[in-house]
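Each chain, letter by letter, is given below.
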Amino acid sequence: QVQLVESGGGLVQPGGSLRLSCAASGSIFSTNVMGWYRQAPGKQRDLVARISRFHSTYYADSVKGRFTISRDNAKNTMYLQMNSLKPEDTVVYYCNTYPINSNYWGQGTQVTVSS
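Residues numbered from 1 in each chain as written. Predicted model: local features only at pLDDT ≥ 70, side-chain atom pairs only at ≥ 80, totals over all residues. Heavy atoms only, no water.

(A) Molecular detail of the sheet that holds strand β4 (residues 34-39). A sheet is described by the order of its strands in space; here six strands give the open sequence β2-β10-β9-β4-β5-β6, paired in mixed fashion. Edge positions in the open sheet fall to β2 (10-12) and β6 (57-59), since each of these has one partner strand only. When the angles between neighbouring strand axes are averaged without regard to direction, this sheet yields 25°. Both β4 and strand β9 (residues 91-97) contribute to a ladder of six bridges, which runs antiparallel. Its bridge partner lying in β9, Q39 is registered against V92. (Pairing = 2+ DSSP bridges. Helix = DSSP H or I, 4+ residues; strand = E, 2+ residues; numbered from the N terminus. Axes fitted to C-alpha atoms, helices over the stretch in contact; angles between N-to-C directions.)

(B) Inspection of the nonpolar core at higher detail. Of all hydrophobic cores here, the largest spans 28 residues; its most connected members are W36, M78, L80, M82 and Y93. Among the secondary structure elements, those contributing two or more residues to this core are β3 (18-24), β4, β5 (46-51), β7 (67-72), β8 (77-82), β9 and β10 (109-113). Take this core: its biggest share by element is four residues, from β3. (Core = buried A, V, L, I, M, F, W, Y, C linked by side-chain atoms within 4.5 Å. Buried < 20%, exposed > 50% of the residue type's maximum accessible area, 1.4 Å probe, protein only.)

(C) Examining the environment of D89 more closely. Within the secondary structure layout, D89 lies in the loop between β8 and β9. Residues D89 and G15, spaced 74 residues apart in sequence, show a C-alpha to C-alpha distance of 11 Å. Leaving out residues up to four positions away in the same chain, D89 has contacts with R38, R66, F67, S84, V111 and V113. (Contact = heavy atoms within 4.5 Å.)

(D) Expanded view of the sheet that holds β7. Taken in spatial order, the four strands line up as β1-β3-β8-β7 in an open sheet, and their pairing is antiparallel. Two strands in the sheet have a free side with no partner beyond their single neighbour: β1 (4-7) and β7. Taken over all neighbouring pairs, the strand axes of this sheet differ in orientation by 15° on average, direction set aside. Pairing of β7 with β8 involves six bridges; the strand directions are antiparallel. Along β8, the bridge assignment pairs R71 with M78.

(E) View of the pattern of salt bridges. Under the criterion given, the structure shown has three salt bridges. The closest approach of N and O atoms between R38 and D89, which form a salt bridge, is 3.0 Å. With R38 in strand β4 and D89 in the loop between β8 and β9, the pair connects residues that are 51 residues apart, well separated along the chain. Residues R38 and D89 agree in their burial class; the two are buried. The partner of D61 in a salt bridge is K64, with the nearest N and O atoms 3.1 Å apart. Connected through salt bridges with shared partners, the residues R38, R66 and D89 form a single ionic network. (Salt bridge = Lys/Arg side-chain N within 4 Å of Asp/Glu carboxyl O.)

(F) A look at the pairing of β3. Among the seven residues of β3, five are classified as buried, and the element is accordingly described as predominantly covered. Pairing of β1 with β3 involves four bridges; the strand directions are antiparallel. From the neighbouring strand, V5 faces β3, where its bridge partner is A23. With six bridges joining them, β3 and β8 adopt antiparallel strand pairing. The residue of β8 that forms the bridge with S21 is Y79.

Right, here's the structure in full:
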């Protein structure tokens, strides 16, 4: 069974940085485009960034220039380096394949940007 486990969230001041990790079990990771998503309370879950297995990347306009997505196929792990964090980045972050597979959602990791 595929499992995705997000970690690395926490409380950070505006302008600070965090690095999220997504550890994947199974063979799904190495053969798929992977993505980071985020969801604010009462809103839909939106794509933040995605990365192909050949490291081609895409970023939402709201995070372009501040966030960097990467992956280590040998370790079945994906990362999201988040710099210059803003209060509006305060949401729960999830990883999944792209396109989404609803069976793969994990618990997510909370990011809170506040002074």
